[in-house]
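# Inside the fold
For reference, the chains in residue letters:
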Amino acid sequence: MQTKIQHQGLNQNEVLESRAKYGPNILTPPKRDPLWKLFLEKFQDPIIRILLIAAFLSLVISFVHQEFAETIGIFCAIFLSVGVAFWFEMDANKKFDVLNKINDEDLIKVIREGNVCEVLKKDIVVDDLILLETGEEIPADAELVESISLQVNESCLTGEPMISKTTNPEFFKEDATYASNKIYRGTTVMDGHCVARVFAVGDATEFGKVAHEATQISGEETPLNRQLDKLAKFIGVVGFILAALTFTTLFLKDIFSGNTEYSLSELGLVGAAIIGVLVALIKVWMPIIYDGLALLGKEKKIPAFVKSGSWLKWFGIGVLTFAALCGIGFAFGVNPFEAQSWISIEQAGKILQYFMVAVTLIVVAVPEGLPMSVTLSLALSMRRMLKTNNLVRKMHACETMGATTVICTDKTGTLTQNQMTVSDVNFYALSEKNLGSDLVSTLVEENISGNSTAFLDYTNPQKIKALGNPTEAALLMWLNAQGRSYLSIRESIETVEQLTFTTERKYMATVINSPTLGKRILYIKGAPEIVFSKCNNVLVSDGLAAAEQYEERIQKQLLQYQNQAMRTLGFAYREIEENEKHNDIAYLLEKPVTFMGIAAITDPLRPDVPAAVEKCLDAGINIKIVTGDTPGTAKEIARQIGIWNGSDGIQNIITGAEFEALPDDEASKRAKHLKIMCRARPTDKQRLVRLLQAQNEIVAVTGDGTNDAPALNFAQVGLSMGSGTSVAKEASDITLLDDSFNSIATAVMWGRSLYKNIQRFILFQLTINVAALVIVFLGSIFGQELPLTVTQMLWVNLIMDTFAAAALASLPPNENVMKSKPRRNKDFIINPGMRTNILFMGLSFVVFLLFLLYRFTPESGAIMPYDLSYFFTVFVLLQFWNMFNAKAFSTHESTFKGIHKCFGFILVAIAILCGQFLIVEFGGEVFRTVPLAGKDWLQIFAG
């Protein structure tokens, strides 16, 4: 049954013409830096800059010796490392762009071709008629056609949180920032509802002109990243100390071994050069020293003259320092202008090699890939969670969900289907609960149709869609089933004034001119106990009865409905006398009204909720229902989902008013044991969250209404409903696109799996760090040849920081994580099991590799290039198998179980093997390798 309304709106041709003329309702993304600039930013890393300096110095020596292979290899390794980091960051940015576009997918009610329907926000065009209600975000700039009690939050444009809007010129404010009869994109309807005609879309809107940056997601530091930063500082300090020791030991060993002879003048100038380099690189080593002090509990700020000085400035100071020291040496007879005062090119090459080994140790030790692995893990999780109906709006929410200990969930739409249907009606003056053509039926029809903000979409007559408040829409559907057209009734009456429903009032009131009755009527609809408290009589079949006579009967009916988890609405009316102030609802409500009856509306439980709740309870997460419903309704739903049982009592349930009356210390104790808070208001929900957080709980909150926004924003993770208001979505961290509690359990599983993947990456990297640092350090000091060259170590570092991050971050979630309890808020990311594994495996690698070095070292002390290639390959393959070891960590399962589902992991493993084979077989002078025999490859793989 499709009924035309007074506003026809645009037809399809007009929509297309308008879009062609004015464009789509999409904001142009802020201009990004070009790719070449993003690529060059990767070279701002201090370690990369040091390597470049060392590489250019190596290039100078290469020109002297006419041997460029290793220098080219160093440059290639640097650019490969930078290039891979750049690619991953660019890929993460693309994922964010995809997520940012989701906001344009919100559904907006519009009138087109005389029918109320929903279209995507991006499909709104100029001259569209849009219908907006409390809590909805305004999708485009529009001029009001109709408005009822309309108030708009314009804080994103003007800083004003509540602005009255009207179509009545008498109430226009001349000093208002924006016209009183116009509403603007990005602002939010805080009260009332309206019909408005769009006059600007996309970039042409006020929001589009002044708030391009509002479309970008800003990164924020998480507790996890703070832990990782602390870990990175510790490893960086250790690496720096080892690097300094290595360079000093190699240099002194060269002097005292007798292999190279230095004169005093040569030592003096070399010392001056080293001091000059230290000064030039002060922006590298000074922060590391201060990181060490911070780890010792003596945190101090880096001197401003170091922090603010540019790299070029300190390079100049380093040159001046070197020149000054040369001048001092000149005063003592060391002439820097004589060639014999300087060391030979061969000696300079050796010192440069020692320097590059030291720098490489820092590169290997400092886990610069750690933040990237976290970012990559989060970005991948965000994208994949979208496929499980979890739209992650704020990156930190991915990992925080895994640590959640309490979920404060609302009822409607999350636990239930949010598909309200009228289960029963009790209008006491109606016979057999059916509408007829009498006066009582007219009162019921007008109260339901006119005293409402909901609509029905008749686009598909076979499946009529409810738009707006689901409770009101259920009443309209009931009217439709009774053969009544709510649109015809609504359009036939004249709405004089309206007081919209709020959680504080708990009722809605509308004054109308009734053409059928020929009178002005005040209609009220809302919580039965609130509505009944305003009544002095009840409309029954034979006239009016005193309210007192029906009070007990009504209370019993309400209790019966509530015990069945039904939502109830009470209806009342009053004929307005001619001498009354017709437009002042507050005044009209001061006089008693007549109670008409009750409607019981049910919202069935989602079939997947009990299993999802059980999964969360098994995972050690407490579930608390926070709802505006009655105690009976809340308890019935809690019983159905499995959190309320026979042993629960008064200490497990409380009303919002009772909770507000408790002092903080008593409320805090009560909060711990609560399972249900009913008749809750926004401030009650927010207070509950705050008190739980004070007890070191990690709290996730679900909500769909504007009133839920404070608690959503206050919680560690706010979860809004896809069908909820824009205010709720904006305050949340994750939007559940299917409104299902099952998606919350899925988000917890993703969060825990993400944390495990990050732990696996740390386990992998630190195991190799221990082995690499000790081997290179000991091998450099006691061996005649360095066991691994600079280019080989850069390849090793690329595997650790980039390939492993991609492999371990791409591991799919494991449902077994839901069998363990949540991690404690203050737990360090390296747990005892990881620490034992890292030390045992790392030192085992060291012992094995030292044995290989001993075996390969002949009496002459010079290891053959073939044996060094063999050693290098074994070292890389140990990393390869350690990656599988990290994959299986804490699963208590075979590392190959489910390997067929880990496409990214397999791809990276193949890339490492192929890369190592190509480097050894064809690397030649660049990587200082020689091809290995087939039997040795088989031996290495088999071992």
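Provided above is the structure to which this section pertains.
Presented here is a report on the structure given in the accompanying data block.

## A short note on the overall build of the chain
- When you go through the chain residue by residue, the secondary structure sums to 33 helices and 25 strands.
- Within the chain, buried positions represent 54% of all 943 residues.
- Sequence-distant contacts, at least 24 apart, represent 72% of the contacts inside the chain between residues at least 6 apart.
- Taken as a whole, the chain presents about 42100 Å² of accessible surface, with 58% of it coming from carbon and sulfur.

## Looking at the sheet that holds strand 23 (residues 699-703)
- Strand order in this open sheet of eight strands is 8-25-24-23-9-20-22-21, and the pairing throughout is mixed. Two strands bound the open sheet, and with one partner strand each, they are strand 8 (390-392) and strand 21 (653-655). Neighbouring strand axes in the sheet, compared pairwise and without regard to direction, differ in orientation by 20 degrees on average.
- The pairing of strand 8 with strand 25 (residues 734-736) spans three bridges and is classified as antiparallel. If you follow asparagine 390 over to strand 25, its bridge partner there is leucine 736.
- Together, strand 9 (406-409), strand 20 (622-626), strand 22 (676-678) and strand 23 form the strand contacts of helix 24 (residues 682-694), whose direction differs from that of strand 23 by roughly 165 degrees.

## Side note on the pairing of strand 16 (residues 535-540)
- Of all six residues that make up strand 16, five are buried, and the element is covered over most of its length.
- With three bridges joining them, strand 16 and strand 19 (residues 593-602) adopt parallel strand pairing. By the bridge assignment for strand 19, valine 538 is matched with phenylalanine 595.
- Taken together, the four bridges between strand 16 and strand 17 (residues 543-546) define a ladder with antiparallel strand orientation. Each residue of the ladder has a partner; that of valine 540, found in strand 17, is glycine 543.
- Between strand 16 and strand 17, which pair antiparallel in sequence order, lie two residues.

## Quick look at the environment of methionine 566
- In this structure, methionine 566 sits in strand 18 (residues 566-575).
- Along the backbone, methionine 566 and alanine 634 are 68 residues apart, and their C-alpha atoms lie at a distance of 9.5 Å.
- Filtering out sequence-adjacent residues up to four positions away, methionine 566 remains in contact with Ser423, Tyr561, Ala600, Ile601, Thr602 and Thr633.

## As for the side chain of aspartate 733
- Inspection of the secondary structure puts aspartate 733 in the loop between helix 26 (726-731) and strand 25.
- Within the local environment of aspartate 733, its side chain forms a polar contact with the backbone nitrogen of glycine 718, the two atoms lying 2.7 Å apart.
- Residue contacts for aspartate 733: discarding those within four places in its chain leaves Leu391, Val392, Arg393, Lys394, His396, Ala397, Ala715, Gln716, Val717 and Gly718.

## Quick look at the packing of aromatic side chains
- One pass over the structure, following the stated rule, counts 15 aromatic pairs.
- Aromatic side chains tyrosine 184 and phenylalanine 199 sit 6.5 Å apart centroid to centroid with 85 degrees between the ring planes, which places their arrangement in the edge-to-face category. With a gap of 15 residues between them, tyrosine 184 in the loop between strand 6 (182-183) and strand 7 (188-200) and phenylalanine 199 in strand 7 connect regions that are remote in the sequence.
- Relative accessible area serves as the criterion here: at 6%, tyrosine 184 is assigned to the buried category.
- With a relative accessible area of 36%, phenylalanine 199 lands in the partly exposed category.
- Ring plane angle 80 degrees and centroid distance 5.6 Å describe the contact between phenylalanine 856 and tyrosine 870, whose orientation is recorded as edge-to-face.

## Focus on helix 8 (residues 282-295)
- Along its 14 residues, helix 8 runs 20 Å from first to last C-alpha, staying within 8% of the 20 Å computed at 1.5 Å per residue.
- Turning to helix 8, its buried residues are Ile282, Lys283, Val284, Met286, Ile288, Tyr290 and Gly292.
- One or two positions beyond helix 8, positive phi appears at glycine 297, with a value near 85 degrees.

## Examining the nonpolar core
- Grouped together as the largest cluster of nonpolar side chains are 105 residues, with contacts concentrated most on Met401, Ile641, Phe741, Met883 and Phe905.
- Sorting elements by how many residues they give to this core places helix 27 (residues 741-782) first, with 19 residues.
- Membership of the second largest hydrophobic core comes to 41 residues, among which are Ile111, Val116, Ile464 and Ile512.

## Overview of helix 18 (residues 547-563)
- Between its terminal C-alpha atoms helix 18 stretches 24 Å, which fits the 24 Å expected from 17 residues at 1.5 Å a residue.
- At arginine 553, helix 18 shows its strongest bend, of approximately 25 degrees.
- Listed in full, the buried residues belonging to helix 18 are Ala547, Tyr550, Ile554, Gln557, Leu558, Tyr561 and Gln562.
- Alanine 565 lies just past helix 18 and shows a positive phi near 60 degrees.

## Concerning the environment of valine 201
- Here valine 201 lies in the loop between strand 7 and helix 5 (206-210).
- For the pair formed by valine 201 and leucine 27, sequence separation is 174 residues and the distance between their alpha carbons is 8.6 Å.
- Residues in contact with valine 201, not counting those within four places in the same chain, are Tyr22, Gly23, Pro24, Asn25, Ile124, Val125, Val126 and Ala140.

## A look at a nonpolar patch on the surface
- The grouping of Phe234, Val238 and Leu295 at the surface amounts to a nonpolar patch, some 240 Å² of accessible area in total.
- Assignment of secondary structure puts valine 238 in helix 6 (residues 223-256).
- Judged by its relative accessible area of 32%, valine 238 falls in the partly exposed class.

## Description of the pattern of salt bridges
- If you walk through the whole model with that rule in mind, you get 17 salt bridges.
- Residue aspartate 648 pairs with lysine 675 through a salt bridge whose shortest N-O separation is 3.0 Å. Of the two residues, aspartate 648 is situated in the loop between helix 21 (631-641) and strand 21 and lysine 675 in the loop between helix 23 (664-673) and strand 22; the sequence distance between them amounts to 27 residues.
- You can call aspartate 648 buried: its relative accessible area is 14%.

## Looking at a negative patch on the surface
- Taken together, the side chains of Glu14, Glu17, Glu113 and Asp127 define an acidic patch exposed on the protein surface.
- Here glutamate 17 shows up in helix 1 (residues 12-22).

## With respect to the pairing of strand 23
- Counting buried positions along strand 23 yields five of five residues, so the element is predominantly enclosed.
- Burial of the side chains of strand 23 extends over both faces: Val699, Val701 and Gly703 are buried on one face and Ala700 and Thr702 on the other.
- As judged from the three bridges shared by strand 9 and strand 23, these two strands associate in the parallel manner. Its bridge partner being in strand 23, cysteine 408 is matched across the sheet by valine 701.
- Both strand 23 and strand 24 (residues 717-721) contribute to a ladder of four bridges, which runs parallel. Each residue of the ladder has a partner; that of glycine 703, found in strand 24, is serine 720.

Conventions we followed
- Residues numbered from 1 in each chain as written.
- Predicted model: local features only at pLDDT ≥ 70, side-chain atom pairs only at ≥ 80, totals over all residues.
- Heavy atoms only, no water.
- Helix = DSSP H or I, 4+ residues; strand = E, 2+ residues; numbered from the N terminus.
- Buried < 20%, exposed > 50% of the residue type's maximum accessible area, 1.4 Å probe, protein only.
- Contact = heavy atoms within 4.5 Å.
- Areas by Shrake-Rupley, 256 points an atom, 1.4 Å probe, with all protein chains shown as cover.
- Pairing = 2+ DSSP bridges.
- Axes fitted to C-alpha atoms, helices over the stretch in contact; angles between N-to-C directions.
- Polar contact = N/O pair within 3.5 Å; in protein donor to acceptor, adjacent residues only side chain to side chain.
- Phe/Tyr/Trp six-rings, centres within 6.5 Å; stacked < 30°, edge-to-face > 60°.
- Expected span 1.5 Å × (residues − 1).
- Core = buried A, V, L, I, M, F, W, Y, C linked by side-chain atoms within 4.5 Å.
- Bend = angle between axes of the 7 residues up to and from the residue.
- Patch = residues over 30% accessible without salt bridge, like charges linked within 9 Å, V, L, I, M, F, W, Y side chains within 5 Å.
- Salt bridge = Lys/Arg side-chain N within 4 Å of Asp/Glu carboxyl O.
- Lys, Arg positive; Asp, Glu negative; His and termini not counted.
- Charge placed at Lys NZ, Arg CZ, Asp CG, Glu CD.

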